[in-house]
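Inside the fold
Chain by chain, the residues:
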Amino acid sequence: MTKDTETGIGARLDGSLVMLILGSIAIVVISALVQVSFGAYSTTLSQAWNAVFNPKVVTNPDVLGALLLGTEIPSNVTLSNTTTVIWSLRLPRVFVGIFVGANLAVSGAIFQAVTRNELASPYILGVSQGAGLAVLLTLVVFSGLTVFLPIFAAVGGIAAFIVVYIIAWKGGTSPVRLVLAGVIVGTICSSLQRGLFFFAQDIGVVQTALSWTTGSLTGTGWEQVRIILLPTLVILPLAMLASRQLNVLLLGERTARSLGMSVERIRFALSTLAILAASSAISVAGIVGFVGLIVPHVVRNIVGSDYRKLLVGSLFAGPALVVSADVGARLALNPIQIPVGIVTGLVGGPYFLYLMRKRQKVGEL
């Protein structure tokens, strides 16, 4: 196979990408084992491992279906206390972390290609704040509609990006104008979020709203897995299929148009895909910062800028960051659980400063 004809899986996989995937999987597995082993109901590592791979659960589709769908476990199946705690309370949190990390990382990677700016992310472009504002509005004002949080989050994210696009439009858009408009819209949405707290009468609602603004996996369960699972199974495969268009966008608008691409149409369609990915994560975990910004940078430094590899790497590296950060958030100040968004901020902030110090120029790709 020649270099010119190398396509498909052969074009995506190489040694560095394989090592990144294996390393990310190892981090997720180790973090998950730690996550399920510690808590108010303490177990040993061996007990936790045996519970995770309990044949009564992993080989029984009726039990797995009952957990995922939130129905009663069949009466003829008796599970130990350890297995019940781990499968009902702790493993769902790991799964939510995996899906949140994957969606945010892939969303950030897409936005960085769409804007051709390595500073771009769902947060920088105002999408996270728009989705968060819609979620907070639902929690504080329309609490009876919380079952529709994913839809409201997506609508909020899309609405915010449309406003960003309108502000940035001047006979077309540019990476710099999109980022500047995103900062403006994000600031406005963040101010409106803080203003909503004055209308909350229930202290419980305020605490829930605060956890959304900082990003938290505390209290997540199979309901959140169900909420994020379907969008993830649709959005992420579509993102993988869009890798060629993302590579073309990186060549610049003039080159992309010469290759027959409708730049604005493709840019808006891919941005919508990225918005839906970010919104699905925000709907179950709140605003988890820096994942969509930092993960694509790390992956790019390892596998290069080819989006056939970059998206795959981000798909695995994102969960590794979020799941491991959540372990730190849960156990660092045990029994106090801090929001995972604080940990990702503490990790992402210094890394971003290091990136700025290391590079002569940070901005356009």
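Residues numbered from 1 in each chain as written. Predicted model: local features only at pLDDT ≥ 70, side-chain atom pairs only at ≥ 80, totals over all residues. Heavy atoms only, no water.

Along the protein chain, the regular secondary structure elements total 17 helices and 0 strands. Relative to the 2.2 N^0.38 estimate, which gives 21 Å for 365 residues, the radius of gyration of the protein chain is 21 Å and therefore close to what a compact globule would have. The C-alpha extent of the protein chain, read off along each of the three principal axes, is 65 × 60 × 40 Å. Considering only intrachain contacts with a sequence separation of at least 6, the fraction spanning at least 24 residues in the protein chain is 75%. Summing over all exposed atoms, the protein chain offers an accessible surface of approximately 17100 Å²; the carbon and sulfur share of this is 67%. Taken as two groups, the 23 positive and 13 negative side-chain charges of the protein chain have centres that lie 8 Å from each other. (Helix = DSSP H or I, 4+ residues; strand = E, 2+ residues; numbered from the N terminus. Rg over C-alpha atoms; globule rule 2.2 N^0.38 Å. Contact = heavy atoms within 4.5 Å. Areas by Shrake-Rupley, 256 points an atom, 1.4 Å probe, with all protein chains shown as cover. Lys, Arg positive; Asp, Glu negative; His and termini not counted. Charge placed at Lys NZ, Arg CZ, Asp CG, Glu CD.)

Running from N to C, helix H6 (residues 81-115) and helix H12 (residues 243-250) point in directions that differ by 40 degrees, and their axes come no closer than 7 Å. Taken as axis vectors, H6 and H12 run oblique relative to one another. For the pair H6 and H12, the contacting residues are Ile110, Ala113 and Val114 in the first and Leu246, Leu249 and Leu250 in the second. In terms of residue class, the contact of H6 with H12 is made up of 6 nonpolar, no polar and no charged. (Axes fitted to C-alpha atoms, helices over the stretch in contact; angles between N-to-C directions. Parallel < 35°, antiparallel > 145°, perpendicular 65-115°, else oblique. Nonpolar A, V, L, I, M, F, W, Y, C, P; charged D, E, K, R; others polar.)

Residues Leu137, Val141, Phe142, Leu145, Val147, Phe148, Ile151 and Val155 make up a contiguous nonpolar surface patch of roughly 700 Å² in combined accessible area. Considering the arrangement of structural elements, one finds Leu145 in the loop between helix H7 (127-140) and helix H8 (149-168). Note on Leu145: relative accessible area 34%, which makes it partly exposed. (Patch = residues over 30% accessible without salt bridge, like charges linked within 9 Å, V, L, I, M, F, W, Y side chains within 5 Å. Salt bridge = Lys/Arg side-chain N within 4 Å of Asp/Glu carboxyl O. Buried < 20%, exposed > 50% of the residue type's maximum accessible area, 1.4 Å probe, protein only.)

What follows deals with the nonpolar core. Ranked by size, the top nonpolar core spans 91 residues in total, and within it Ile86, Val100, Ile110, Phe111, Leu125, Leu246 and Leu311 carry the most contacts. Top element by residues in this core is H6. It accounts for 15 residues. Non-local contacts of Leu246, meaning those with residues more than four positions away in its chain, are made with Ile110, Ala113, Val114, Leu270, Tyr307 and Leu311. (Core = buried A, V, L, I, M, F, W, Y, C linked by side-chain atoms within 4.5 Å.)

A word on the pattern of salt bridges. With the rule as written, the count across this model stands at 4 salt bridges. With a closest N to O distance of 2.9 Å, Asp14 and Lys309 form a salt bridge. Note that Asp14 is positioned in the loop between helix H1 (8-12) and helix H2 (15-37) and Lys309 in helix H16 (residues 307-331), a separation of 295 residues in sequence. Residue Glu264 is joined to Arg267 by a salt bridge in which the shortest nitrogen-to-oxygen separation is 3.5 Å. With Glu264 and Arg267 both in helix H14 (residues 263-285), this residue pair falls 3 residues apart, about one helical turn. By the burial criterion, Glu264 is buried, and Arg267 matches it.

Below, the discussion takes up empty space enclosed by the protein. For the coordinates displayed, the defined rule picks out 1 cavity of 30 Å³ or more. Approximately 80 Å³ is the volume found for the largest cavity. Ranked by residues supplied to the lining of the largest cavity, first place goes to helix H15 (residues 291-303) with 3 residues. Split by residue class, the lining of the largest cavity holds 9 nonpolar, 4 polar and no charged. (1 Å grid on protein atoms, 1.4 Å probe; cavity = no way out; pocket = protein on both sides within 12 Å on 5 of 7 lines; lining within 4 Å. Points joined across faces, edges and corners; volume = space filled by probe spheres on them.)

Considering the arrangement of structural elements, one finds Ser216 in the loop between helix H10 (203-214) and helix H11 (222-241). A residue is classified by how much of its surface remains accessible, and Ser216, at 12% relative accessible area, is buried. Only 3.1 Å separates the side chain of Ser216 from the backbone nitrogen of Thr218, close enough to count as a polar contact. (Polar contact = N/O pair within 3.5 Å; in protein donor to acceptor, adjacent residues only side chain to side chain.)

This part takes up helix H3 (residues 45-52). Among the residues making up H3, those that are buried are Ala48, Ala51 and Val52. Buried residues of H3, seen end-on, are gathered within an arc of 100 degrees and therefore sit on one face of the element. (Arc of directions from axis to C-beta.)

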